[in-house]
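Each chain, written out:
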Amino acid sequence: MEFYKKAKEIMDMEATEYVGGASKDEIECAMKELSVTFPESYKAFLNDFGAGDAGGEIIFGITDIEEENVVEVTKMERREGLPDNFVIINYLDDTFFCLDISKMKNDECPVVELSEDYKVTKTVAESFGQFLYDYENEE
């Protein structure tokens, strides 16, 4: 959670467009629909922001915009073969960025990069909070 807190501190709110926070019930419903438990830093992001554009990159979350909705995007890719332990949080240049729920430890899990055939190509962050922090630091 420390990385998530740091990421929030350095966010340029002028360069971000978020849909607004999701309620605890909405977050619980999303987890139930995907049969997963989100890491604490991602739940905090959903609660604070919902989903949105973090300076040019969409972070999927809880929103009415289907192509940015974490549940809809993940379920669509699961129908195509995405393993159940991945939750898609971003898609960029034929690459999926996913939470790897199977590697949950201390209420956090890594963010991994997957190829279009759903193979892990690398771990990009040890937690969603670190993923967000690293992204915000690149801006």
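Residues numbered from 1 in each chain as written. Predicted model: local features only at pLDDT ≥ 70, side-chain atom pairs only at ≥ 80, totals over all residues. Heavy atoms only, no water.

Peer 1: I'm lost on the packing of aromatic side chains in this one. Help?
Peer 2: For any pair of aromatic rings, the description consists of the separation of the ring centres together with the inter-plane angle of the planes. Inspection of the entire model under this criterion finds nine aromatic pairs. Members of the aromatic cluster, connected to one another through ring pairs, are Phe38, Tyr42, Phe45, Phe49, Phe97, Phe128 and Phe131. (Phe/Tyr/Trp six-rings, centres within 6.5 Å; stacked < 30°, edge-to-face > 60°.)

Peer 1: Quick question: what am I supposed to make of the sheet that holds strand E4 (residues 86-92) here?
Peer 2: One key point about sheets: their strands pair by backbone hydrogen bonds, in either a parallel or an antiparallel sense. Read from one edge to the other, the open sheet built from four strands follows the order E4-E5-E6-E7, with strand pairing classed as antiparallel. Pairing within the sheet leaves two strands with one partner each, and these edge strands are E4 and strand E7 (120-125). Ignoring which end each strand starts from, the neighbouring axes of this sheet average 30° apart. Both E4 and strand E5 (residues 95-100) contribute to a ladder of six bridges, which runs antiparallel. Each bridged residue has a counterpart across the sheet, and for Tyr91 the counterpart in E5 is Phe96. Each of E4 and E5 is contacted by helix H4 (residues 70-80), which is oriented at about 100° to E4, the strand it contacts most. (Pairing = 2+ DSSP bridges. Helix = DSSP H or I, 4+ residues; strand = E, 2+ residues; numbered from the N terminus. Axes fitted to C-alpha atoms, helices over the stretch in contact; angles between N-to-C directions. Contact = heavy atoms within 4.5 Å.)

Peer 1: Even after reading the chapter, I still don't get the environment of Glu113, so can you show me in this structure?
Peer 2: Position of Glu113 relative to the elements: it lies in strand E6 (residues 111-114). On the basis of relative accessibility, which here comes to 17%, the residue Glu113 falls in the buried class. Setting aside residues no more than four positions away along its own chain, Glu113 makes contact with Thr95, Phe96, Phe97, Lys119, Val120, Thr121, Lys122 and Val124. (Buried < 20%, exposed > 50% of the residue type's maximum accessible area, 1.4 Å probe, protein only.)

Peer 1: Looking at this model, I keep getting lost on the side chain of Asp100. Mind explaining?
Peer 2: Mapped onto the elements of the fold, Asp100 is located in strand E5. For Asp100, the residues in contact, after removing those within four places along its chain, are Asn85, Phe86, Cys109, Pro110 and Val112.

Peer 1: Would you mind showing me how to read the pattern of salt bridges here?
Peer 2: Side-chain pairing between opposite charges can occur once the charged atoms of the two side chains come close. All told, the structure shown has four salt bridges when counted by the stated rule. Here Lys103 makes a salt bridge to Asp100, at a shortest N to O gap of 3.7 Å. (Salt bridge = Lys/Arg side-chain N within 4 Å of Asp/Glu carboxyl O.)

Peer 1: Help me out: how do you make sense of the packing of helix H2 (residues 24-34) against H4 in this one?
Peer 2: The relative placement of two packed helices comes down to the angle between their axes together with the axis-to-axis distance. At their nearest, the axes of H2 and H4 sit 10 Å apart, and the two run at 5° to each other. As far as their axial angle goes, H4 and H2 are roughly parallel. Taking contact as the criterion, the partners of Ala30, Glu33 and Leu34 in H2 are, on H4, Val70, Val71, Thr74, Lys75 and Arg78. (Parallel < 35°, antiparallel > 145°, perpendicular 65-115°, else oblique.)

Peer 1: Teacher, can you tell me more about the layout of surface pockets here?
Peer 2: A water-sized probe rolled over the atoms picks out the places where empty space is left. In this structure, the largest pocket occupies an estimated 240 Å³ of space. The wall of the largest pocket is formed by 13 residues, among which Phe97, Val124, Phe131, Tyr135 and Glu138 lie closest to the centre. When contributions to the lining of the largest pocket are tallied by element, the ones reaching two or more residues are strand E3 (58-59), E4, E7 and helix H5 (128-138). Among the elements that line the lining of the largest pocket, the one with the most residues is H5, at four residues. For the lining of the largest pocket, a count of residues per class yields seven nonpolar, one polar and five charged. (1 Å grid on protein atoms, 1.4 Å probe; cavity = no way out; pocket = protein on both sides within 12 Å on 5 of 7 lines; lining within 4 Å. Points joined across faces, edges and corners; volume = space filled by probe spheres on them. Nonpolar A, V, L, I, M, F, W, Y, C, P; charged D, E, K, R; others polar.)

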